[in-house]
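Residue-level structural notes
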Amino acid sequence: MATSHHDHRGRGGGRGLLPGGVSRRRFLAGAAGTGALAVAAGGIGARPARAATGGGRAAGLPGIGEVWGWQEQLVRFGTRYTGSPGHAAYVDWLASQLGAVPGFTVRTDRLTFNRWLAREYALRVDVPASAGVSGPVPLTYYYPYSGQTPPGGVTARLVDLGTYLPAAPGTSGSGSTAAFWLSARGAIALVRTAPPVSSLAAGQTATGGYEPGKTSAQAAADYAAYGAVLAHPAWQGIFGPVPLLDARAAGVRGVICIWTGLPDDEVIHQYNPFVTPYPALSGLPAPGDPGCPAVWVGDATGAALSRLAAGGQASATLTLTADITAGAATETVWGWLKGSGNTGENMIINTHTDGPNATEENGELRLFALARHLAGLPGRNRDMYFALVTGHFQLPQFTRIIPDTRNIEIGNDATSVWMLDHPGIYRAATLGVTVEHLGATRWGDVGGQYVATGGSDWGATYTMPRNPLNAANAEQATYLSAVAAVNASGWPDYSVATVRPGPLPLYLGEGAPLYAAGLGTVSLCPMPTYLLQAGDAQHPELLDLDKLDQRLMYGQILTFARTIQALDATPPAGL
């Protein structure tokens, strides 16, 4: 079994080549037509393109075939980790697409950060023949921004520390202090993480929703039941990351993290976590700083390693080589369509551009469609600002605090950097519309197998009024009306839940800083279990494209076209 893994899904870690060795220039020249990836599952229930949004024509909106072609082109860039070559090439393509929209003014902001990109990762265990079998160990992925080893790796005794329990709010968990790591000083630590199960009810309250044949309240109750005890790989990194800085401070040379409670097919290639700083006092990767290199293994593999470590004679060789670049460049693409109403007001429509797969992030492709639609309208009351930001997959370096915060929230994302670089734009804005993770179908663990469980993933959407004192929530009412109208027109856009932060002020996604600034928000942020997966084990090159439904995706675009038009016509006092 091969143990030396190149990050072949992370073609952003390559040398300017796209999948198959195709140069960026050649790809961009040849990919302008229909997409070349034939994915049957992506075409679930495909029908001829419709331009109608429930009786009216969506001016300028591209058809479903063109939209899906953009999605296939996104996959050809490979994984797009922040500032990687694949991400940079993709951002250039995005800028050219927006620049082709009539009347659209395009700008780019160049930002710099300390970049970490994995090259190779591998693990080997060695024991006396009398104690077990030596050899390579299958890995699910590396631990992003964890550290680096020399090309030959680091070799040390293997020490099983048991289960790391993250600290609960206001308490001290077993892994929250350096003492947890002390017995692995000078060794490679084996750590079993707690199952990534959490209740969304702790940070979200469902306020309404849409499911065929059900009331809004019934849909909200169904979403609440779904999120009551949700197993999701992303929760491990968001709510309980392994404290690698503590491990490093204790003299641990490397860490092997064990996924627990989830099938291997679900945790394979999970780029997790993506919200943690580098394990150094500065929190930044620096050339020559080893950090605390870490990798992930599946549940059964972890149990086997634990048995070998129990004999006290096992050693491990962990290899994780990486390129670390201080002052690496990355860009945010943004621009605007001028309004014709002379209102002096703005609307911000945003998403991010970096991610590991076909759904995280594909919102910027839908922003193209919406920009073309809005450009084709006879008029717009407000100026429409589009922000396609970088940095979502290295949030420790791309988050800033919104001054004079009107709404307290957890999760102030990368859009905050763009907002504070252009404060006049968001201060004149009345509304923010955020589009993320479109077309996601639902997958989960059924009897230990990771399989499609039927239908679309919940379209959780934060719909928050600009004025909390308003008796009515125009953002929620307008959005749910648009969802219902699109479904009535024959395009699927369900199941949908409208949510608000609370009891904890959790606001997931790039709509969070807009909410913090006091804008009314409509922020779509589904959370499929493959959200952070850089492709599955069977077809990693597809980057989970086969888990997307193009008709659902198009229905979501139609929904936002309706929502934006209706809210643009709503005076500020009604938002």
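An account of the accompanying structure is given in this report. A quick note: this is a predicted structure, and the numbers were derived from the prediction, not measured. (Residues numbered from 1 in each chain as written. Predicted model: local features only at pLDDT ≥ 70, side-chain atom pairs only at ≥ 80, totals over all residues. Heavy atoms only, no water.)

1. Some words on the overall build of the protein chain
How we decide: In this description a helix means any DSSP run of H or I spanning at least four residues, a strand means any run of E spanning at least two, and both kinds are numbered starting from the N terminus. To measure how exposed things are, a 1.4 Å probe is used in the Shrake-Rupley method; for residues, cover is taken only from the protein chains shown.
Of regular secondary structure, the protein chain possesses 14 helices and 22 strands. Accessible surface, the protein chain as shown: approximately 20,000 Å² in total, 55% of it carbon and sulfur.

2. Describing the pattern of salt bridges
To keep things clear, this is the line we draw: One speaks of a salt bridge when a side-chain nitrogen belonging to Lys or Arg is within 4 Å of a carboxyl oxygen belonging to Asp or Glu. When a residue's accessible area, from a 1.4 Å probe over protein chains only, is under 20% of the maximum for its type it is buried; when over 50% it is exposed; and in between it is partly exposed.
Enumeration over the complete set of coordinates arrives at 13 salt bridges. A salt bridge links R382 to E345; the shortest N-O distance between them is 3.0 Å. With R382 in the loop between α9 (363–375) and β16 (383–389) and E345 in the loop between β14 (315–337) and β15 (346–352), the pair connects residues that are 37 residues apart, well separated along the chain. Taking the relative accessible area as the measure of exposure, R382 reaches 1% and is therefore buried. Accessibility expressed as a relative area gives 17% for E345, which makes it buried. As a salt-bridge pair, K547 and D536 come within 3.3 Å of each other at their nearest N and O atoms. You can see K547 sitting in the loop between β22 (520–524) and α14 (550–568) and its partner D536 sitting in the loop between β22 and α14, a full 11 residues away along the chain. With respect to burial, K547 and D536 carry one shared label: buried. Counted as one network, the salt bridges with shared partners bring together E211, K214 and D222.

3. Overview of the state of the cysteines
Quick reminder of the rule: By disulfide we mean two sulfur atoms from cysteines, separated by a distance within 2.5 Å.
In total, this model carries 0 disulfides according to the counting rule given. Left without a disulfide partner, C292 is nearest to the cysteine sulfur of C257, which lies 8.7 Å away. By relative accessible area, C292 is classed as buried at 0%.

4. A few points about empty space enclosed by the protein
Quick reminder of the rule: Grid points spaced at 1 Å and placed over the protein atoms alone form the basis of the search, with a cavity being a set where a 1.4 Å probe fits but cannot get out and a pocket an open set showing protein on both sides within 12 Å along at least five of seven lines. Lining residues have an atom within 4 Å of a point. Grid points are joined across faces, edges and corners, and a volume is the space filled by probe spheres set on the points. Think of it as three bins: nonpolar holds Ala, Val, Leu, Ile, Met, Phe, Trp, Tyr, Cys and Pro, charged holds Asp, Glu, Lys and Arg, and polar takes everything else, Gly as well.
Under the definition given, this model contains 1 cavity of 30 Å³ or more. Its volume calculated, the largest cavity comes out at about 70 Å³. Along the walls of the largest cavity sit L200, Q204, Y223, Y226, L230, D457, W458, A460, L508, C525, P526 and M527, which together make up its complete lining. Looking at the lining of the largest cavity residue by residue, the class counts come to 10 nonpolar, 1 polar and 1 charged.

5. Some points on the environment of V417
Under the convention used in this document: Any two residues whose heavy atoms approach within 4.5 Å are treated as being in contact.
Summarising the element assignment, V417 is placed in helix α10 (residues 415–421). Spatially, the C-alpha atoms of V417 and I402 are 9.1 Å apart, while their sequence positions differ by 15 residues. If we ignore the near neighbours within four places in the chain, the residues touching V417 are L111, F398, T399 and R400.

6. Examining the packing of helix α3 (residues 85–99) against α9
Axis angle and axis distance: for two packed helices, these are the angle between their axes and the distance between the axes, and together they describe the pair. Filter applied, for reference: To get an axis, a line is fitted to the C-alpha atoms, and for a helix only the part in contact is used. The angle between two axes follows their N-to-C directions and goes from 0 to 180 degrees. An angle counts as roughly parallel when it lies under 35 degrees, as roughly antiparallel when it exceeds 145, as roughly perpendicular when it falls between 65 and 115, and as oblique in every other case.
Where α3 contacts α9, the axes come no closer than 10 Å and their chain directions differ by 10°. Between α3 and α9, the angle falls in the class roughly parallel. Within the contact between the two elements, α3 uses Y90, W93, L94, Q97 and L98 and α9 uses E364, L365, F368 and A371. Class assignment for the residues of the contact of α3 with α9 results in 7 nonpolar, 1 polar and 1 charged.

7. Digging into the environment of N114
Heads up, the rule is: Any pair of N or O atoms that falls within 3.5 Å is considered a polar contact. Within protein, one atom must be able to donate a hydrogen and the other to accept it, and sequence-neighbouring residues count only if both atoms are side-chain atoms.
Note that N114 resides in strand β4 (residues 105–126). In sequence terms N114 and Q397 are 283 residues apart; their C-alpha atoms lie 8.1 Å from each other. Here the side chain of N114 touches P285 through a polar contact of 2.8 Å, landing on its backbone oxygen.

8. Regarding α3
Formally: Working rule for helices: expected span equals 1.5 Å times residues minus one.
The end-to-end C-alpha distance of α3 is 21 Å, a good match for the 21 Å that 15 residues give at a rise of 1.5 Å each. Taken as a whole, α3 has its buried residues at G86, H87, A89, Y90, V91, W93, L94, A95 and L98.

9. Side note on unusual backbone geometry
With omega at 10°, the peptide bond leading from E360 into E361 counts as cis. Phi angles above zero are rare outside glycine, and L543 is one such case at about 50°. Mapped onto the secondary structure, L543 falls in the loop between β22 and α14. Since its relative accessible area comes to 1%, L543 is described here as buried. Unlike most non-glycine residues, D544 shows phi in positive territory, near 65°. Tracing the backbone through its elements, the reader meets D544 in the loop between β22 and α14.

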